Amino acid sequence: GKLDMIGRMLVGALEMIHKVFKNYGVSIIVLTALINLVLFPLTRVSYMSMKRMQLIQPQMTKLREQHKKNPEKLNKEMMELYKKHKVNPFGGCLPMILQMPVFIALYVALSKSVILINSQLFWIKDLSSPDRLGLPFTLPVLGNEIHVLPLIMCAGMFFQQKFTQIKMEGQDPAVESQQKMMAVMMPIMFGFIFYSMPSGLVLYWLTNTVIMT
């Protein structure tokens, strides 16, 4: 359906970029940068929403203390506060939500396309399959080889969470603790998801992570 159409457009754009750079790995990096450029206005809106959320955090803390025994009243007051300051509490999730259709379309397109077969970049010998680095010893579960690119992606996501996380004045310690836990769990979860995926797709997400940092 629509994702198939998006996937065809992305592969078409990738092939056009490849005519200039003559390397599919470099072309994926350039394509990712262009996608982020197109989505930049929405990403900026999300960032501004998070900054406004930071500014009203003391008022939110005060409301929680005033109405901690009346959840219904608290929700109503919070919604009025969001409306008054034009804050979207889910605005910070917008860039990732927008990336998901592109990611899914690109995953389907690259999994069906043969253009990345035997395409190389640095130590990666085939962008259509997971990168493999042989080990002189055997590891439990992993065996005698590892996929390096997903591990680099995990590290990139971890530092992205560290650099982009906004510490709000008067923030609930429980919420702050939960955010710190998510900053560790998200990269690990994505590492498991991406570990056996094609290198081209992991390269796309790694490049996107670096640009978004």
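Quick note: structure is the one above.
Scoring rules and cut-offs
Residues numbered from 1 in each chain as written. Predicted model: local features only at pLDDT ≥ 70, side-chain atom pairs only at ≥ 80, totals over all residues. Heavy atoms only, no water. Helix = DSSP H or I, 4+ residues; strand = E, 2+ residues; numbered from the N terminus. Axes fitted to C-alpha atoms, helices over the stretch in contact; angles between N-to-C directions. Parallel < 35°, antiparallel > 145°, perpendicular 65-115°, else oblique. Contact = heavy atoms within 4.5 Å. Nonpolar A, V, L, I, M, F, W, Y, C, P; charged D, E, K, R; others polar. Phe/Tyr/Trp six-rings, centres within 6.5 Å; stacked < 30°, edge-to-face > 60°. Buried < 20%, exposed > 50% of the residue type's maximum accessible area, 1.4 Å probe, protein only.

**A short note on unusual backbone geometry**
Inference 1: Of note in the backbone geometry, asparagine 118 takes a positive phi value of approximately 65° without being a glycine.
Inference 2: You can see asparagine 118 is positioned in the loop between α5 (94–112) and β1 (133–139).
Inference 3: Of note, phenylalanine 122 is a non-glycine position whose phi angle comes to about 55°, a positive value.
Inference 4: Relative to the elements of secondary structure, phenylalanine 122 occurs in the loop between α5 and β1.

**Here's the deal with the packing of helix α2 (residues 24–55) against helix α3 (residues 57–66)**
Inference 1: Running from N to C, α2 and α3 point in directions that differ by 55°, and their axes come no closer than 4 Å. The angle between the axes of α2 and α3 places the two elements in the oblique class. Two secondary-structure elements touch here, α2 through Met53, Gln54 and Leu55 and α3 through Gln57, Pro58 and Met60.
Inference 2: For the contact of α2 with α3, the residue count by class is four nonpolar, two polar and no charged.

**Remarks on the packing of aromatic side chains**
Inference 1: Enumeration over the complete set of coordinates arrives at five aromatic pairs.
Inference 2: Consider the rings of phenylalanine 158 and phenylalanine 159, whose centres lie 5.7 Å apart with planes at 75°: the pair is edge-to-face.
Inference 3: Owing to a relative accessible area of 31%, phenylalanine 158 belongs among the partly exposed residues under this scheme.
Inference 4: Given a relative accessible area of 47%, phenylalanine 159 falls into the partly exposed group.
Inference 5: Each ring, one from phenylalanine 194 and one from tryptophan 205, has its centre 5.8 Å from the other, and the planes form 35°; the classification is tilted. Taken as a pair, phenylalanine 194 in helix α7 (residues 173–194) and tryptophan 205 in helix α8 (residues 199–212) lie far apart in primary sequence, 11 residues in all. When sorted by exposure, phenylalanine 194 lands in the same class as tryptophan 205, which is buried.

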